[in-house]
Amino acid sequence: MWSLPAALSLLLLLLLLQAPPCRLQSPSPAKLRLVGPGSRPEEGRLEVLHQGQWGTVCDDDFALQEATVACRQLGFETALTWAHSAKYGQGEGPIWLDNVRCMGTESSLDQCRSNGWGVSDCSHSEDIGVVCHPQRHRGYLSERVSNALGPQGRQLEEVRLKPILASAKRHSLVTEGAVEVKYEGHWRQVCDQDWTRNNSKVVCGMLGFPSEAPVKSLYYRRVWNLKMKDPKSRLKSLTQKNSFWIHRVNCLGTEPHLANCQVQVAPAQGKLQPACPGGMHAVVSCVAGHKESRAEELKVRLRSGAQVGEGRVEVLMNHQWGTVCDHGWNLISASIVCRQLGFGSAREALFGAQLGQGLGPIHLSEVRCRGSERTLSDCPSLEGSQNGCKHENDAAVRCNIPDMGFKNQVRLAGGRNPQEGVVEVQVEVNGVRRWGAVCSDHWGLTEAMVACRQLGLGFANHAIKDTWYWQGTPGATNVVMSGVRCSGTELALQQCQRHGPVLCSHGSGRSSAGVSCTDSAPDLVMNAQLVQETAYLEDRPLSQLYCAHEENCLSRSADHMDWPYGYRRLLRFSSQIYNLGRADFRPKTGRHSWIWHQCHRHYHSIEVFTHYDLLTLNGSKVAEGHKASFCLEDTHCPPGLQKRYACANFGEQGVTVGCWDTYRHDIDCQWVDITDVGPGNYIFQVVVNPQFEVAESDFSNNMMRCHCKYDGHRVWLHNCHTGDSYRANSELSLEQERLRNNFI
């Protein structure tokens, strides 16, 4: 028979067992991760970080609602399914959560009900796994490299190579030396015991180099031994301290950061055992990036990035450039792109068209690189059209790039903010390195672009020739660089062509070169297909061409005709110009500077917006036309995007990001005057923003070319493409494309 105290105790126990699961109280959401075999970022064993230690979740009561909450917290749209009984392998450490029950509206898993942290009757054979939909949700922007090490979250802050050889010390770019790791604020050397080429590959990737090279180990061992025997050297006493060393590193070679490898800072026995008995520091040799001559072989490129080594990923397939969908996009695949381009590993994989939406096909989706592939095309993937990808899902990357020291050789002074000012450079004058100004003679947008890139400030907004209102740095106002001519691909002004002795027409001071920089820029590209489809010939009477003649839209021979009798033969077409960039395209000058043209009764915001030319096959010009930008406006925007610019009522002019500005074939000056051109084969060329009046993130796609055949009565345009659409040797293979026959 039960005594009263025993019965009360039993009743209390039953009530406790039937009590609803508790909600976990934590100041911030616990971190989640998916781990297990395979490299798919959206599936794996679910693990939770609590009290600095990763642990698993039991599969009791776990279902699709709980999986959906976990997937959303991990940055995915939703969950596809869940997997019980440790399908993704058994975890280690504590089982943090059991009997998890979610409503489905929670923003994190620890907001759901459960038994409480660490309260579980499960074993690791019941570890839950989840499979998320690969689509990232809009709030989840990128996957970044984490340098957290171990459960305590300590960080491997930096990695560097300390040059050992005298020849290596003389170079500004160090590619070979002893590995040093900054850990908890102090630099440590890494023991070379069990050091592998895979470790070297990870270190080189972090430093911006695509691959590693063999090291002359015996030579470096002799150098080490000599230093250890040298009584003046402090090396022997330093190496006996465990705080000098990182004990052991073991990498697979696919990791984006050394902290993702197995890193043992100190021996398991701590201070009782030396950290590197009989060893020496690990030495690494890195291979610098590919030379530009390899660019033709590359089938991948980066676009719209504000810095070197970043941008929207585009691949060349079937003779056409297209984008990569961000479904399944991660740091491992992004690193393959970076190394293929001659950079190091990726430091960030970006989703959701963070660096702008592309144009044309979406070639790839669900890219599944393992990390050992040489090129992105070696990785398993799906066609981009197979799972509903749109350009708002375009993937991008930020790569590790080598520190060339260029950023320390340029600065801005006197501006209203850090993005503008007088350009001051450091150059060698009579054997002494000095700071000084740049002469503004010939200073243009191309040179300003190089300056902003060197400063790490993105694109040039304006190239400024008169900087009298900005105060330069005292002692650095003398001009030390003049005649600067850049091609636009240089990484530093010091790499551009310039005068030997300084020759500046205005001397020093008031008219030094200046810049205004920005991290985003427009990017105009012509719809080549529309040009090909709409081209035709028209014999237009001179009586209808007075206004066009006044605006210089006819060939010079029109000046000598008997007006208004006769006609001009015009090659007419429609043009549609798309803003592919990350900023609106706006005229360089404000409305107060626009020029009123009485004949057509409109304002010109840019005097020459496009060049239309007919060239011989060797590039000589046989006919030309130009189009003044009398109306930059949003003719068409996709659904959900508001038109911002319209020319009516002296309105603001420009082209919004993602919108088109269309010039119909039947408006004045939308032609090339070919009256004086004989029959033959030609190249028809259109160049947008030809004088670089407005900054763009990419000028390589501003030119559009077509093959043109004219027999004196009819014209054929075919193989129309923008300048960056195909490799040069691809054009010949497309000669047999469908011709369009347009009669007068």
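Refer to the structure printed above.
Residues numbered from 1 in each chain as written. Predicted model: local features only at pLDDT ≥ 70, side-chain atom pairs only at ≥ 80, totals over all residues. Heavy atoms only, no water.

Colleague: Account for the environment of Val 608, with residues named and values stated.
Modeller: Position of Val 608 among the secondary structure elements: in strand 38 (residues 606–615). You can call Val 608 buried: its relative accessible area is 15%. With 80 residues separating them in the primary sequence, Val 608 and Val 688 have C-alpha atoms 9.1 Å apart. (Helix = DSSP H or I, 4+ residues; strand = E, 2+ residues; numbered from the N terminus. Buried < 20%, exposed > 50% of the residue type's maximum accessible area, 1.4 Å probe, protein only.)

Colleague: Now, about the environment of Gly 514: what can you tell me, with residues and values included?
Modeller: Structurally, the position occupied by Gly 514 is in strand 31 (residues 514–518). For Gly 514, a relative accessible area of 0% corresponds to the buried category. Taking the C-alpha atoms as reference points, Gly 514 and Leu 412, 102 residues apart in sequence, are found 8.0 Å from one another. In this view, Gly 514 contacts Gly 421, Val 422, Val 423, Trp 443, His 462, Ala 463, Ile 464 and Thr 467; residues no more than four positions away in its chain are not counted. (Contact = heavy atoms within 4.5 Å.)

Colleague: I'd like a description of the state of the cysteines, backed by residues and values.
Modeller: Across all of its chains, the model carries 15 disulfides by this definition. The disulfide partner of Cys 71 is Cys 132, and the gap between their sulfur atoms is 2.0 Å. Judged by the sign of its S-S torsion, about -85°, the cystine formed by Cys 71 and Cys 132 is left-handed. Pair noted here: Cys 71 is in helix 2 (residues 64–73) and Cys 132 is in strand 8 (residues 129–132), with a separation of 61 residues, a long-range link. The exposure class assigned to Cys 132 is buried, which follows from its relative accessible area of 1%. Disulfide partner of Cys 452: Cys 517, at an S-S distance of 2.0 Å. Linking Cys 452 and Cys 517, the disulfide has an S-S dihedral of approximately -85° and is accordingly described as left-handed. Taken together, the positions of Cys 452 in helix 8 (residues 445–455) and Cys 517 in strand 31 put the pair 65 residues apart, joining distant regions of the chain. (Disulfide = S-S within 2.5 Å.)

Colleague: How would you sum up the side chain of Arg 569? Please name residues and give values.
Modeller: Among the structural elements, Arg 569 can be located in strand 34 (residues 567–572). Residue classification places Arg 569 among the buried positions, given a relative accessible area of 12%. A polar atom in the side chain of Arg 569 sits 3.0 Å from the side chain of Tyr 710. (Polar contact = N/O pair within 3.5 Å; in protein donor to acceptor, adjacent residues only side chain to side chain.)

Colleague: Can you lay out helix 8 for me, pointing to particular residues and giving the numbers?
Modeller: Taken across its 11 residues, helix 8 has 10 buried, putting it largely inside the fold. All of the buried residues along helix 8 are Leu 445, Thr 446, Glu 447, Ala 448, Met 449, Val 450, Ala 451, Cys 452, Gln 454 and Leu 455. Against the buried residues of helix 8 lie strand 26 (410–414), strand 29 (459–464) and strand 31. Within two residues after helix 8, Gly 456 carries a phi angle of roughly 75°, on the positive side.

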